[in-house]
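Structural features, examined
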Amino acid sequence: LLVLIAPYGLLLLAQKRVSFFRAAAVTASAAACGAALTVVVDSFFWQRWLWPELEVLLFNTAENKSSDWGVSPPLWYFYSALPRSLAGALPLALLGAQLERRARGAVA
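In short, a report on the structure. (Residues numbered from 1 in each chain as written. Predicted model: local features only at pLDDT ≥ 70, side-chain atom pairs only at ≥ 80, totals over all residues. Heavy atoms only, no water.)

Some points on the packing of aromatic side chains
- What the rule picks out here adds up to three aromatic pairs.
- Aromatic pair F20 and F21: ring centres 5.5 Å apart, planes at 75 degrees, arrangement edge-to-face. Judged on exposure class, the residue F20 and its partner F21 are both exposed.
- Their ring planes at 75 degrees and their centres at 5.2 Å tell us that F44 and F45 sit as a pair that is edge-to-face. Exposure class is identical for F44 and F45. Each is exposed. (Phe/Tyr/Trp six-rings, centres within 6.5 Å; stacked < 30°, edge-to-face > 60°. Buried < 20%, exposed > 50% of the residue type's maximum accessible area, 1.4 Å probe, protein only.)

Now the structure itself:
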């Protein structure tokens, strides 16, 4: 989500349509609300208080147990994970090329 929103935020900053401190305040409040929401929802489903992102970080780095979930070869991301994750964007790209003339160059 950050990858999608950050360029727009940088554009607003570059065009001086929003001040840096206002953007920082909105970003901090959105991050706090998002973190609180993930804590509440995941704590409800796991039946204990937890912050899922911290749990993942500790499991993968501090405890070094990431291989417990299995190990894939490095090229797996290119021939399996990346095509599957981008498959959802393909219909939208084709629709965008059909509806917006400026997008045709990026798709073709």
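Re the side chain of S80
- Inspection of the secondary structure assignment puts S80 in helix 4 (residues 76-86).
- A polar atom in the side chain of S80 sits 3.1 Å from the side chain of R84. (Helix = DSSP H or I, 4+ residues; strand = E, 2+ residues; numbered from the N terminus. Polar contact = N/O pair within 3.5 Å; in protein donor to acceptor, adjacent residues only side chain to side chain.)

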